[in-house]
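Each chain, letter by letter, is given below.
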Amino acid sequence: SKGRTWNSNQAPFSPALAPEAMIQYNHGWGVFFVFRISGSVFPKAIVWALPAGALAAVMNIMKHSWGYESTTNGGTVMVSFASFISTLGFMVVFRSNQAWGRYWEGAGMVQKFRGAWFNAASSLIAFCSKKPEDKEKVRTFQCAVIRLMSFLYGTA
């Protein structure tokens, strides 16, 4: 908090108590963001891709050096390719459908939580004391409740 203090008119999560600077991201230009190491999937993918590529290259060199002749015709390759593509398409559609359903389930739960939080805040405000001698304490409490609930509602 760097020497700043909290007063009763300020919520504990107010912008006045926030850090001075946010993280600044450098997005660069063009498609060079793909070649970044930080936050990229390439380092993990290369761990799997390089050995597989090296193995394929070695097997191809061995095939040619031993004089192996392929007996596979074009129809077999096309059937294999078509079955692979149809299986891949099915998997993509299935996973997308699952993700879509999970998203909407989560969005519905967030709305349900927001409604419960709104009811809780309304009840806390409605059932505060009406005594004139407690007016300042009640006002401070109500402001803190509204700020905290607003923060909670905004983060959901």
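Residues numbered from 1 in each chain as written. Predicted model: local features only at pLDDT ≥ 70, side-chain atom pairs only at ≥ 80, totals over all residues. Heavy atoms only, no water.

Right, let's talk about a nonpolar patch on the surface for a bit. Taken together, the side chains of Phe-81, Phe-84, Ile-85, Leu-88 and Val-92 present a nonpolar region at the surface, about 490 Å² in accessible area. Within the fold, Phe-84 resides in helix H2 (residues 74-126). (Patch = residues over 30% accessible without salt bridge, like charges linked within 9 Å, V, L, I, M, F, W, Y side chains within 5 Å. Areas by Shrake-Rupley, 256 points an atom, 1.4 Å probe, with all protein chains shown as cover. Salt bridge = Lys/Arg side-chain N within 4 Å of Asp/Glu carboxyl O. Helix = DSSP H or I, 4+ residues; strand = E, 2+ residues; numbered from the N terminus.)

This model, assessed by the stated rule, comprises 5 aromatic pairs. Relative to Trp-104, the ring of Tyr-103 lies with its centre 5.1 Å away and its plane at 75°, an arrangement referred to as edge-to-face. Taking the relative accessible area as the measure of exposure, Trp-104 reaches 46% and is therefore partly exposed. The structure contains a cluster of three or more aromatic residues connected by ring pairs, namely Trp-100, Tyr-103 and Trp-104. Directly above the aromatic system of Tyr-153 lies the positively charged group of Arg-114, at a separation of 4.4 Å from the ring centroid. (Phe/Tyr/Trp six-rings, centres within 6.5 Å; stacked < 30°, edge-to-face > 60°. Buried < 20%, exposed > 50% of the residue type's maximum accessible area, 1.4 Å probe, protein only. Lys NZ or Arg CZ within 6 Å of the ring centre and 35° of its normal.)

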